[in-house]
Amino acid sequence: MIAAGVLLMQYAQAQTPIDRTKQPKPGPAPVLTIKDPVKYILPNGITLLVVENHSLPKVSASYLIDAGPITEGSKAGVMSLMGQMLNEGTKTMPKAVFDESVEKLGADVGLSSAGGSASALTRYFKDAFTLMGIALKEPAFTQESFDKLKSQTITGLKSNAKSAKAIAGRVDNALAYGKTHPNGEFETEEGIQALTLQDVKEAYSKYITPSRGYLTIIGDIKPAEAKALATEVLGNWKGVTLTLPKLTEVANPAKTEIDVIDVPSAVQSEINVINLVDLKKNNPDYFPAILASYILGGGADSRLFMSLREKYKFTYGAYSQLASGRYQETFDASGAVRNAKVDSAVTVFLSEIKRIRTEKVSDEELSTAKALYNGSFALGLEDPARMATFASNILINDLPADFYKTYLQKVNAVTADDILRVAQKYFNYDNTRVVVVGGAAQMLDGLKKSGYPVKLYDKYANPVTEGAQTAAVPDVKAADIIKAYINAVGGADELKKVTSCVTTMDMSMQGMKLSVLQKKMAPNKETMSVSMGGNTVMKEAFDGEKGYQQQMGNKKDMTVDEVSQKKVFTSLTEQLDYLSNPAFKLAVKGIQKINGADAYQVSVTDPTGKTSTEYYDVKSKLLVKNESTTVTNNVSVNATVDFADYRKVGNVMFPYKQTITQSAGGQDQTFEMTVTDVKINTGVTADDFK
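Residues numbered from 1 in each chain as written. Predicted model: local features only at pLDDT ≥ 70, side-chain atom pairs only at ≥ 80, totals over all residues. Heavy atoms only, no water.

## Quick notes on the overall build of the protein
Scanning the protein from N- to C-terminus turns up 22 helices and 26 strands. In terms of its C-alpha atoms, the protein occupies a principal-axis envelope of roughly 85 × 70 × 60 Å. For the protein, the proportion of contacts with a sequence separation of at least 24, taken over those separated by at least 6, is 67%. Of the roughly 34500 Å² that the protein leaves accessible, carbon and sulfur atoms contribute 51%. (Helix = DSSP H or I, 4+ residues; strand = E, 2+ residues; numbered from the N terminus. Contact = heavy atoms within 4.5 Å. Areas by Shrake-Rupley, 256 points an atom, 1.4 Å probe, with all protein chains shown as cover.)

In structure tokens, the structure reads:
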């Protein structure tokens, strides 16, 4: 019987061939089943929303403080630090004890400056929720935790100092909203350095409160039980009363402009076409607008993606996003593009925005977009956190109770005329802002030919006058800067007496502690090994003629270029070669602020043609930073080394702290190196470099 059924099915398929050249018609929109939450008001005013769902033995809670946009001013970054501090233990439970308690429950508990969350199996939910409540109400706020998180934040900012992506994330909103707007503020090293524990405590007292609080509990729990638990844990909590801020509306540019931020070390440029919008979720334009953005740049089938990636091969991906809310939000279209192709990519971005504003989408494109959006939206409903957001969104944004139940019906009701109308309204073309962060030397001339005004800004969104940096080059010779450094660290005679050196260091990387042993012998022999727990995890050695790198058991010989790079030096102090070998080319490029102090910026080109940039403190004469770029496996790696804490060993000064930041492929990694011991002219033999 089964065999006969199979034969009949095969016969029917043969008689009705499938035309695989045509895309199947989309099916109907999924029917959404979203339960209405049961609503309670706790004694202190917290709004409790409970969605009962017994399909799994699990309960999730989310607490949201609706404070609106917060202006931090000179204390930008304090809210983020405060949110991190909430995860550092309580007054009665040190962080280690708190974390262990959560782990024993198999739960997830997390806090932030906007509230907190807890998720656990039903039997452990009460304990997990109680821990969240204690962390919210009784944070430890220890000086030790503050110093640790502050240091980590500063390290993160340093590691992103040359990242085009990180800089773009900062300046895009700063230029769109203005640097004094809460959405345009950003953290700086100097600002974070100035923050104190008292600042964190004051931010907590001002913004962590039951006022305007929305607690959503979803899962295997009865509403009455959830109310009793919430009242027990949070009902007696007191705090200041919050009032939503009133913000002045910010205007978009009168005419389209291109804003360029130069990151000389960047291989790719970050492009963001951005304009401010006023789109509330209860606006009838909401559904056509989000679908229009989806068609333009919502995924791999979108217009931007197909054009910029598939057709022109300019980028790995290009997307658009349209935000909505009670305050001004942004529409943006973005992508990372090779510097040399930036001007062409900007033209394509603007062309696609213009096309969706002036030409109706086809019925097929609209139908396909609806089907893809429907599927993506329905899939997201499996996440309890998203359901919690829906419940609070309805109250915060004054939405009808069935807003999410009828969500896809409204999406499917959007017409091609609707798409055209909202695109013209929300996707600016004649009065938008194109922000480009990358290597200006390769793309600035092309952008100037676009016909749009081009404005220059620094990485903190401050206007820059073209040519200003060149005019600021000091009247000092590069050789004199190098001579001053040599004298500052001990003098040429003492440096030449150093024929070998052994340096022992501790290294911190991604929370791991490693040991580093470096040995050098004149003229250019060197070896470095990195170990963890007594086991060598990485080693590099050069014996003056050849060398290798070894990692996790894999050994690789140095290339011809790498060997040539090593052999250009004939002294353990590179700066001696800068002066003695005329094949080294030095040039003073200007004066830059390094850690708040003026430093000479010196370009160094070695005999192989490789160029690096070194920074020498104007006052101390010491080397404080080095920047270089290497290519490994066809990938450009940007490296920055910060030097600090110079100490005397014998008659020579050595930097006892080095912070190494490497950036490649959009990823950044930072290594903190602290010297524990330096020995000169002892403990090194030629066998060490084999």
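## A look at the packing of aromatic side chains
Within the structure shown, the criterion is met by 24 aromatic pairs. Taken together, a centroid distance of 4.9 Å and an interplanar angle of 75° make the contact between Phe287 and Tyr407 edge-to-face. Here Tyr407 lies in helix 15 (residues 407-412) and Phe287 lies in helix 10 (residues 286-297), a separation of 120 residues in the sequence. With a relative accessible area of 3%, Tyr407 lands in the buried category. (Phe/Tyr/Trp six-rings, centres within 6.5 Å; stacked < 30°, edge-to-face > 60°. Buried < 20%, exposed > 50% of the residue type's maximum accessible area, 1.4 Å probe, protein only.)

## Quick notes on the domain arrangement of the protein
The domain boundaries assigned to the protein delineate domain 1 (38-235), domain 2 (257-457) and domain 3 (478-680). Computed over C-alpha atoms only, the centres of domain 1 and domain 2 are separated by 29 Å. Each partner contributes to the interface: domain 1 provides 24 residues, whereas domain 2 provides 26 residues. Both faces combined, the contact of domain 1 with domain 2 buries some 2000 Å², and carbon together with sulfur accounts for 72% of it. When the area that domain 1 buries against domain 2 is broken down by residue, the three leading residues are Asp172, Leu175 and Tyr177, summing to 27%. Joining domain 1 to domain 2, the criterion identifies one salt bridge. Across the salt bridge formed by Asp66 and Arg326, the nearest N and O atoms sit 2.6 Å from each other. Taken together, the links from domain 1 to domain 2 amount to four residue pairs in polar contact (both at pLDDT 80 or more). Counting only elements with at least two residues in the side of domain 1 that touches domain 2, the list comes to strand 2 (47-52), strand 3 (58-65), helix 6 (164-177) and strand 6 (213-219). For the side of domain 1 that touches domain 2, the element with the most residues is helix 6, which contributes 10 residues. (Domains from an automatic or database assignment. Buried area = accessible area lost by both parts, 1.4 Å probe. Salt bridge = Lys/Arg side-chain N within 4 Å of Asp/Glu carboxyl O. Polar contact = N/O pair within 3.5 Å; in protein donor to acceptor, adjacent residues only side chain to side chain.)

## Some remarks on the pattern of salt bridges
Two side chains of opposite charge can pair, provided their charged atoms sit close to one another. Within this structure, the stated rule accounts for 32 salt bridges. Across the pair Asp66 and Arg212 runs a salt bridge whose closest N-O atoms are separated by 2.7 Å. Of this pair, Asp66 sits in the loop between strand 3 and helix 2 (78-85) while Arg212 sits in the loop between helix 8 (197-207) and strand 6; the two residues are 146 residues apart in sequence, bridging distant segments of the chain. What makes Arg212 partly exposed here is its relative accessible area of 29%. Measuring nitrogen to oxygen at the nearest pair gives 3.0 Å for the salt bridge that ties Lys95 to Asp99. In this pair, Lys95 and Asp99 both sit in helix 3 (residues 95-105), four residues apart, roughly one turn of the helix. A residue is classified by how much of its surface remains accessible, and Asp99, at 33% relative accessible area, is partly exposed. Three or more residues are tied together by salt bridges with common partners; here these are Glu88, Lys95, Asp99 and Lys148.

## Considerations on the side chain of Ser571
Checked against the element boundaries, Ser571 lands in the loop between helix 21 (560-567) and helix 22 (574-580). At a separation of 3.1 Å, a polar atom in the side chain of Ser571 contacts the main-chain amide nitrogen of Thr573. Other than its neighbours up to four places away in sequence, Ser571 contacts Pro523, Leu576 and Asp577.

## Digging into the sheet that holds strand 2
Strand order in the open sheet formed by six strands is 1-2-6-3-5-4, with mixed pairing between adjacent strands. Both edges of this open sheet fall to strand 1 (38-41) and strand 4 (108-112), since each of them pairs with a single strand only. Strand-to-strand twist across the sheet, computed as the mean angle between neighbouring axes with direction ignored, equals 10°. By the bridge criterion, five bridges tie strand 4 to strand 5 (residues 115-121) in an arrangement that is antiparallel. The residue of strand 5 that forms the bridge with Asp108 is Ser119. (Pairing = 2+ DSSP bridges. Axes fitted to C-alpha atoms, helices over the stretch in contact; angles between N-to-C directions.)

## Side note on the environment of Pro139
Topologically, Pro139 is positioned in the loop between helix 4 (122-137) and helix 5 (143-159). Aside from chain neighbours lying at most four places away, what touches Pro139 is Leu86, Gly89, Thr90, Lys91, Ile134 and Tyr204.

## Brief notes about unusual backbone geometry
When glycine is set aside, most residues are seen to have a negative phi, and most peptide bonds are trans. Of note, the bond from Ala522 into Pro523 is cis; its omega dihedral lies within 30 degrees of zero at 5°. Following the sequence through the fold, Pro523 ends up in the loop between strand 15 (512-521) and strand 16 (525-532). At Ala461, a position not held by glycine, the phi torsion is positive, near 65°. Residue position: Ala461 is located in the loop between strand 12 (454-457) and strand 13 (463-464).

## What about the packing of helix 2 against helix 8?
Between two packed helices, what matters for the description is the angle formed by their axes and the separation of those axes. Contact pair helix 2 / helix 8: the axes reach a minimum separation of 9 Å and the direction vectors enclose 85°. Between helix 2 and helix 8, the interaxial angle falls into the category roughly perpendicular. On helix 8, the residues touching Val78, Met79, Leu81, Met82 and Met85 of helix 2 are Leu197, Asp199, Val200, Ala203, Tyr204 and Tyr207. When grouped by side-chain class, the residues that make up the contact of helix 2 with helix 8 number 10 nonpolar, no polar and one charged. (Parallel < 35°, antiparallel > 145°, perpendicular 65-115°, else oblique. Nonpolar A, V, L, I, M, F, W, Y, C, P; charged D, E, K, R; others polar.)

## Some thoughts on helix 14 (residues 384-396)
If you check helix 14, its first and last C-alpha atoms are 18 Å apart, about what 13 residues at 1.5 Å a residue would give, namely 18 Å. When helix 14 is considered as a whole, its buried residues turn out to be Met387, Ala388, Phe390, Ala391, Ser392, Asn393, Ile394 and Ile396. The first or second residue beyond helix 14 is Asp398, which carries a positive phi of 55°. (Expected span 1.5 Å × (residues − 1).)

## Things to note about the packing of helix 2 against helix 5
Running from N to C, helix 2 and helix 5 cross one another at 130°; their axes reach a closest spacing of 10 Å. The angle between helix 2 and helix 5 places the two elements in the oblique class. Every pair of crossing elements has a handedness; the one defined by helix 2 and helix 5 is right-handed. In contact with Leu81, Gln84 and Met85 of helix 2, helix 5 contributes Ser145, Phe146, Leu149, Lys150 and Thr153. When the residues that make up the contact of helix 2 with helix 5 are grouped by side-chain class, the tally is four nonpolar, three polar and one charged. (Left-handed = near helix turned anticlockwise from the far one by under 90°.)

## Regarding helix 8
Along helix 8, the residues classified as buried are Leu197, Asp199, Val200, Ala203, Tyr204 and Tyr207. Around the axis of helix 8, the buried residues are gathered within 160° of arc, so they sit on the same side. Lining the buried residues of helix 8 we find strand 3, helix 2, helix 4, helix 5 and helix 7 (189-194). (Arc of directions from axis to C-beta.)

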